[in-house]
Amino acid sequence: MKMSKLFVQTLREFPSDAEVVSHKFLVKAGYIRKLTSGVYNYLPLMWRVLKKVENIVREEMDNAGAQELLMPFVQPKELWEESGRWEVYGRELMRLKDRHDREMCLGPTHEEIITAIARDGLKSYKQLPVNLYQIQSKFRDEVRPRFGLLRGREFIMKDAYSFSTSQEDLEKEYDNMAKAYKKIFDRCGLPTKMVQSDSGAIGGSVSHEFMVITDTDAGENDVFYCDDCDYAANSNHAISNLPSAKIDGAEFGLNEYKVVDTPNMKTIDEVCAFLGVDPTVLCKSLVYIADKEPVIALIRGDKQVEETKLMNAVGAIDIRIATPEEIEELMIKNGFNAKAGFIGPMGMKDVKIVADNTVKELKNFVIGANENDKHKVGVNLDMLPEVQFEDIRLVQAGELCPQCGKPLKVTRGIEVGNIFQLGTKYSQPMNAVYMDVDGKAKPYIMGCYGIGISRTAAAAVEAHYDDWGIKWPISIAPYHVVVVPVSTKDELQMKVAQEAYEKLLAAGIEAVIDDRDERPGVKFKDADLIGFPFRITVGKSIQNGNVEFVVRETGSKEEMAPEKAVEYVISHVREALKH
RNA sequence: CGGGAUGUGGCGCAGCUUGGUAGCGCACCUCGCUUGGGACGAGGGGGUCGCACGUUCAAAUCGUGUCAUCCCGACCA
């Protein structure tokens, strides 16, 4: 490809609306252009990258025994009503009507469609197991699209769905997919962690996410992991053992139940300082609104509530912290009249109470008195109304690994893929069944497996860049090498550059020759920004028979004969593309 | 959906307070000069100032409304 003809417009400055590095560089280097919020044009360079990611995914999925198909982007309401998700999916589902006023939606995911396909085509246990996948644009009307390609509304996704006759077979396929995913991300040059996670709106029981760990703040998930064993989990699912702590109020002299004055002490810190106790003997009461119903969450004073866990504990699909007004309203409903900061569980009858397991251990603890400027001390569990014990605690770094007991660490991660064991969540309500050996109709045991293609490409930028631009891994770079004649007016330079370029092409290397009549600085800046893994510069030293061979990743520069530079590129690229 | 901000050629911005008919840098076109890290000079093209209504002799500028975009919080590949 001639640089003069390549459809790319590099910018001198970052776009003003970009925050994270992948967004900034992909726009500045001319890979993408925003069309509207969360929707991007993939320009030729980007499309080459995306096709490479797709092809890696396709090869590994095919190797793993899955079969590719393509489902429609527009889907009818009826199927979504069968699964029950038309009602629960929410505003993220982009709904529209056709000319006959029939309701449709843009596909945010394809469980409904694939399940309908399966029940038409997979009638017998003899046909199972099967894994079907597609690579396609998805649309989710995100409340807040951001971070460029990392959280678009329209994005490219690989989604796979497996159909099995037993949990054992499902688990086998689940492991098979986990292995394929590892290979895929390795081939894309992305170090990932496979972490346990909540299964969220898609549903099901077991699920894992593949996280790219980067030092940029583009990661939207906290991942807790252990250096000493393989434990790793999303914060919405992580568990830990706690180091020992003072959890008996008697250690602070609170061995007797009484109501004490705590004037204006509303926060945990204020109360602890005033009473002279550690927060570990407090029992915090937090009020949440779960699907419009108030819920009181109890947790030890030094710990935080993990909202996803709480949401799952009460079986809600939406949860938020209550406002002070809502809290006071709840107290009035239960016969109390106090400010929000003094709410406590004692005497609460007309509300659901979920207590974290940390509360189970507490003795002679402190709670709000449901009375202004007062707390109760020396409280024990038998004095509280009936509560539901659950793990609703947000893990903190330094707590102990549930597998090996070593301290856990935390890091940010970008979720590029996930795998779910769905079970019969879709096959059951949609009556998607096969005939088993015993002649009985049974619902498929399903799994689903997603990879964000466009997100993976953006995550690669987050993981590989420097001040000057992108440093693509060779496997997904739009081109492998750029040949730069310093002066296009110099006949010798042009001749050598042209020859090198043609040899590279002949060897199957994806090469660009920068034939623009620009000053060298411009060409070098563009080369670094766009992120060609290799550069061959043909300049003055060609008079001594040398060109410069530059490796983008390391920045190393070396003078050598043109033939040798060409050989280097060919061998490096071939080596990198082996798998 | 709550909170904050911004809309002026392709990109980045100034002008708005104090209304007078739009400007700068980059990019683009032409010519000259230059060629190892975003040169320089001369000339040129491109914007009904997000949109609508209003105030006014006159609106990018003032008022009202509306739309869009971005940032901070709850969802997700």
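See the structure shown above.
Keep in mind the model is a prediction, meaning the values are calculated, not measured.

## Let's talk about the protein's contact with RNA strand B
Close contacts around RNA strand B come from 60 residues, with R33, R140, R151, D528 and E548 the closest. Here RNA strand B approaches the protein such that, of its atoms within 4 Å, sugar and phosphate make up 49%. Between G452 and RNA strand B, the recorded distance is 3.4 Å, taken from a backbone N or O atom to a sugar or linking oxygen. Of all the elements, helix α13 (residues 520–530) adds the most residues to the surface near RNA strand B, at 8 residues. Class assignment for the residues of the surface near RNA strand B results in 18 nonpolar, 16 polar and 26 charged.

## Looking at the sheet that holds strand β21 (residues 388–390)
Spatially, 5 strands are ordered β17-β14-β15-β18-β21 in an open sheet, and the strand pairing comes out mixed. The open sheet has two edge strands, β17 (319–321) and β21, and neither has a second partner. Each neighbouring strand pair of the sheet contributes to a mean axis angle of 35°, computed without reference to strand direction. Relative to strand β18 (residues 352–356), strand β15 (residues 293–300) runs parallel, the two sharing 4 bridges. Paired with V295 across the two strands is K352, which belongs to β18. Against the sheet, helix α8 (residues 307–314) touches β14 (283–290), β15, β17, β18 and β21, its axis set at about 130° to β18. Running over the sheet, helix α9 (residues 324–333) touches β14, β15 and β17 and is turned about 100° from β14.

## A look at the packing of aromatic side chains
In this description, a pair of aromatic rings is defined by centroid distance and the angle of the planes. According to the stated counting rule, one finds 11 aromatic pairs in the structure shown. Between Y181 and F210, the aromatic rings sit 5.2 Å apart at their centres with planes inclined by 55°, giving tilted as the arrangement. With Y181 in helix α6 (residues 167–187) and F210 in strand β10 (residues 207–213), this residue pair connects regions lying 29 residues apart in the sequence. Under the relative-accessibility criterion, Y181 is labelled buried at 0%. Judged by its relative accessible area of 2%, F210 falls in the buried class. Geometrically, the ring pair formed by F534 and F549 is stacked, given 5.7 Å between the ring centres and 15° between the ring planes. One end of the pair, F534, is in strand β31 (residues 534–538); the other, F549, is in strand β32 (residues 547–551), with 15 residues separating them in the sequence. We note that F534, like F549, is buried. Above the plane of the ring of F147 lies R146, whose end atom (NZ or CZ) is 5.3 Å from the centre.

What counts and what doesn't
- Residues numbered from 1 in each chain as written.
- Chains lettered and ligands numbered in written order.
- Predicted model: local features only at pLDDT ≥ 70, side-chain atom pairs only at ≥ 80, totals over all residues.
- Heavy atoms only, no water.
- Near = heavy atom within 4 Å.
- Polar contact = N/O pair within 3.5 Å; in protein donor to acceptor, adjacent residues only side chain to side chain.
- Helix = DSSP H or I, 4+ residues; strand = E, 2+ residues; numbered from the N terminus.
- Nonpolar A, V, L, I, M, F, W, Y, C, P; charged D, E, K, R; others polar.
- Pairing = 2+ DSSP bridges.
- Axes fitted to C-alpha atoms, helices over the stretch in contact; angles between N-to-C directions.
- Contact = heavy atoms within 4.5 Å.
- Phe/Tyr/Trp six-rings, centres within 6.5 Å; stacked < 30°, edge-to-face > 60°.
- Buried < 20%, exposed > 50% of the residue type's maximum accessible area, 1.4 Å probe, protein only.
- Lys NZ or Arg CZ within 6 Å of the ring centre and 35° of its normal.

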